[in-house]
Amino acid sequence: MEMISISRTEYERMKSQIAKLKELEKIDFDLVRQFKESLEDVKEGKIRRVA
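As the structure is a computational prediction, the values presented were derived from the model and not from experiment.

Some points on the overall build of the chain
Across its full length, the chain holds 2 helices and 0 strands. For the chain, the C-alpha radius of gyration of 21 Å lies well beyond 10 Å, the compact-globule estimate for 51 residues. Principal axes of the C-alpha set define a box for the chain whose edges measure 65 × 20 × 20 Å. When burial is assessed residue by residue, the chain has 0% of its 51 residues classed as buried. Here the chain carries 12 positive and 11 negative side-chain charges, and the mean point of each set is 5 Å from the other.

Examining a nonpolar patch on the surface
There is a patch of nonpolar side chains on the surface, built from Leu 21, Leu 24, Ile 27, Phe 29 and Val 32 and spanning about 480 Å² of accessible area. Counting only elements with at least two residues in the nonpolar patch, the list comes to α1 (8-24) and α2 (29-43). Residue position: Leu 24 is located in helix α1. Judged by relative accessible area, which is 43%, Leu 24 ranks as partly exposed.

Quick notes on the pattern of salt bridges
One pass over the structure, following the stated rule, counts 7 salt bridges. Glu 23 is paired through a salt bridge with Lys 26; the nearest N and O atoms lie 3.3 Å apart. Of the residues examined, Glu 23 reaches a relative accessible area of 47% and is grouped as partly exposed. The residue Arg 33 makes a salt bridge to Glu 37 at a minimum N-O spacing of 3.1 Å. Residue Arg 33 and its partner Glu 37 are located together in helix α2, separated by 4 residues, close to a single helical turn. Connected through salt bridges with shared partners, the residues Asp 30, Arg 33 and Glu 37 form a single ionic network.

Focus: α2
Its 15 residues place the ends of α2 21 Å apart at the C-alpha level, agreeing with the 21 Å of an ideal helix rising 1.5 Å per residue. With a side-chain oxygen positioned 3.1 Å from the backbone nitrogen of Asp 30, the residue opening α2 is Asp 28. Phi for Gly 45, located one or two positions after α2, is positive at around 75°.

What counts as what
Residues numbered from 1 in each chain as written. Predicted model: local features only at pLDDT ≥ 70, side-chain atom pairs only at ≥ 80, totals over all residues. Heavy atoms only, no water. Helix = DSSP H or I, 4+ residues; strand = E, 2+ residues; numbered from the N terminus. Rg over C-alpha atoms; globule rule 2.2 N^0.38 Å. Buried < 20%, exposed > 50% of the residue type's maximum accessible area, 1.4 Å probe, protein only. Lys, Arg positive; Asp, Glu negative; His and termini not counted. Charge placed at Lys NZ, Arg CZ, Asp CG, Glu CD. Patch = residues over 30% accessible without salt bridge, like charges linked within 9 Å, V, L, I, M, F, W, Y side chains within 5 Å. Areas by Shrake-Rupley, 256 points an atom, 1.4 Å probe, with all protein chains shown as cover. Salt bridge = Lys/Arg side-chain N within 4 Å of Asp/Glu carboxyl O. Expected span 1.5 Å × (residues − 1). Polar contact = N/O pair within 3.5 Å; in protein donor to acceptor, adjacent residues only side chain to side chain.

What follows is the structure, encoded as structure tokens:
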């Protein structure tokens, strides 16, 4: 196995990116897709307000 050296700043930046990616894993992409499609329906006037 090879060893490389990086600056502490670079290490902290990479560590932060990994944390962000782990948060993204928790997102329910099906729910996001449904929300997007619903928003498009509203924009196109396909949804009526029900009293």
